[in-house]
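# Notes for the structure review
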Amino acid sequence: MSDDLLVVAVEASADLHGAAVLRELRALRPGLMAFGAGGALLRAEGCETLVRAEDLSVMGIAEVLPAIPRILRALRTLRRAAEQRRPRVALLIDSPDFNLRLARKLRRLGIQVAYFIGPSVWAWRTYRVRQIARDVARMLVILPFEAEFYARHGVKAVYVGNPLADGLRPLLPATPTPTRTSTSRPDLRRALGLDPGSPVLALLPGSRRQEIRRIWPALLAAARLLRERMPDLQLVVPVAPTVQRDWLRTDLPITFVEGRAPEVLGAADAAVVASGTATLEAALAQVPTVVVYRLSWLSWIVGRLLVRLPFVSLVNLLAGRRLVPELLQRDCTGARIAESAAPLLGPGEARESQLEGMRRIRATLAPAGAPGAARRAAEEVSALLGESR
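None of these values were measured; they are calculated from a predicted model. (Residues numbered from 1 in each chain as written. Predicted model: local features only at pLDDT ≥ 70, side-chain atom pairs only at ≥ 80, totals over all residues. Heavy atoms only, no water.)

### Here we look at the overall build of the chain
- Along its length, the chain carries 17 helices and 13 strands.
- Only carbon and sulfur atoms are counted for the fraction: they give 53% of the accessible area of the chain, which is about 16200 Å². (Helix = DSSP H or I, 4+ residues; strand = E, 2+ residues; numbered from the N terminus. Areas by Shrake-Rupley, 256 points an atom, 1.4 Å probe, with all protein chains shown as cover.)

Here you go:
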């Protein structure tokens, strides 16, 4: 066995979190070498990426089918690399349909698996917890209730905090005020090329081509309607590393920013966000939000049959109520989005109600003085590396 670390991150958000953990791991273990699957951020941290995350970023049943050959090729590439290099530990991040298959192969090779940001088995496909108990040495979970859930099923799990809070700590005050004002907001707007004195709406259409194709036209329609009401409204889009700019064509005056989603949210008065981890990122940034999503109808119908949760967004699940609007499928239209977003751009009950709920979520997931999730995850991986000797 070698002291190398296999890292697998095949989504844009996983690439972000994996890069943060690898950076912390290198501080703990300066000679550590990493290889595997990742995007631009992991490559920038020196991870040798045998599989590019940009080539695997798909979701939904209908969308995944054409990608199956390259997904299988990626699994074979990583398995062969693990056989040849024999790392002591693998760090798998998110993407359970891909990573749980790989975890089974790694266990058979005697490689210990640390799984960061695991599957939502508490929501659906609970049977997968049996495989996790067999194939994963340590779950590094990011929601407080997950550690207790896994423990009940015989899985060693550690709550490491929420990685989305790490990027926001330098940008926001430790205790947000009721109106979420911050001395950093004007500076953030200037840094993004925005007018500090005019309202800002952030648009986050997702990080996958299929998501953007279905959601982007509705966001543009909403933006046009909102600018008719508020001519000085500024629109800004953080572009994920996996997104090509020609997917976001528009004739509207929009500021596109490469990455930097935490800064964009920190600068915004409100946001319209595709359902996913970005909705929790918006809540941690204390940004009133409208959640939107569209899938193919086949994926939507299957999902509705399998998922028994009352909400799709993590924000509402953590709040235990409909804190933010969820506009899904046929409700994801320009008119509905504009109608829901308009009251969030200025003072009023709708805005203040969201902010109060978001303050409670942030206090739970990002308590003042707690170490960052990336650091705590790195410490757990480092411990596994020590145990594997």
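### Considerations on the nonpolar core
- Ranked by size, the top nonpolar core spans 42 residues in total, and within it L5, V21, L91, I93, F116, L280 and V381 carry the most contacts.
- Of all the secondary-structure elements, those providing two or more residues to this core are β1 (2-8), α1 (12-28), β4 (87-93), β5 (112-116), α12 (277-284), α14 (314-319), α16 (349-365) and α17 (373-387).
- By residue number, the principal contributor to this core is α17, which donates seven residues.
- When near neighbours in sequence (up to four residues on either side) are disregarded, L280 contacts L143, N162, L164, L314, V315, L318, I361 and L365.
- V237, I254, L328 and L344 belong to the second largest nonpolar core, which has 38 residues in total. (Core = buried A, V, L, I, M, F, W, Y, C linked by side-chain atoms within 4.5 Å. Buried < 20%, exposed > 50% of the residue type's maximum accessible area, 1.4 Å probe, protein only. Contact = heavy atoms within 4.5 Å.)

### Here's the deal with the sheet that holds strand β7 (residues 157-159)
- Read from one edge to the other, the open sheet built from seven strands follows the order β3-β2-β1-β4-β5-β6-β7, with strand pairing classed as parallel. The open sheet has two edge strands with one neighbour each: β3 (48-52) and β7. For this sheet, the mean inter-axis angle between neighbouring strands, taken without regard to orientation, is 15°.
- In this structure, β1 lies alongside β4, joined through five bridges in parallel fashion. Across the sheet, the residue bridging to L5 is V89, located in β4. (Pairing = 2+ DSSP bridges. Axes fitted to C-alpha atoms, helices over the stretch in contact; angles between N-to-C directions.)

### Details of empty space enclosed by the protein
- Under the defined criterion, the tally for this structure stands at one cavity of 30 Å³ or more.
- Reported here for the largest cavity is a volume of approximately 40 Å³.
- For the lining of the largest cavity, the secondary structure elements donating two or more residues are α8 (163-168) and α12.
- The residue inventory of the lining of the largest cavity, partitioned by class, reads six nonpolar, three polar and no charged. (1 Å grid on protein atoms, 1.4 Å probe; cavity = no way out; pocket = protein on both sides within 12 Å on 5 of 7 lines; lining within 4 Å. Points joined across faces, edges and corners; volume = space filled by probe spheres on them. Nonpolar A, V, L, I, M, F, W, Y, C, P; charged D, E, K, R; others polar.)

### With respect to the sheet that holds strand β9 (residues 234-239)
- Taken in spatial order, the six strands make up an open sheet running β10-β9-β8-β11-β12-β13, and their pairing is parallel. The strands lining the two open edges of the sheet, one partner per strand, are β10 (254-258) and β13 (326-328). On average, each strand axis in the sheet is inclined to that of its neighbour by 20°, with strand direction left out of account.
- With three bridges joining them, strand β8 (residues 200-204) and β9 adopt parallel strand pairing. Bridging across to β9, V200 finds its partner in Q234.
- The sheet strands contacting α12 are β8, β11 (270-274) and β12 (289-293), and the helix crosses β11 at an angle near 160°.

### Quick word on α17
- With 15 residues, α17 extends 21 Å from end C-alpha to end C-alpha; this agrees with the ideal 21 Å at 1.5 Å per step.
- By the burial criterion, the buried members of α17 are A373, A374, A377, A378, V381, S382, L384 and L385. Taken down its axis, α17 places every buried residue within 165° of arc, on the same side. (Expected span 1.5 Å × (residues − 1). Arc of directions from axis to C-beta.)

### Quick notes on the pattern of salt bridges
- Under the definition given, this model contains 24 salt bridges.
- One network of salt bridges, with partners in common, ties together E11, R208 and E211. (Salt bridge = Lys/Arg side-chain N within 4 Å of Asp/Glu carboxyl O.)

### Some remarks on the packing of aromatic side chains
- If you walk through the whole model with that rule in mind, you get two aromatic pairs.
- Ring plane angle 80° and centroid distance 5.7 Å describe the contact between F149 and Y150, whose orientation is recorded as edge-to-face. Y150 matches F149 in its accessibility class, with the two residues each being buried.
- Look at W216 and F256: their rings are 6.4 Å apart centre to centre, the planes differ by 50°, and that puts the pair in the tilted class. Separated by 40 residues along the polypeptide, W216 in helix α10 (residues 209-229) and F256 in strand β10 bring together distant segments of the chain. In this pair, the class of W216 matches that of F256, namely buried. (Phe/Tyr/Trp six-rings, centres within 6.5 Å; stacked < 30°, edge-to-face > 60°.)

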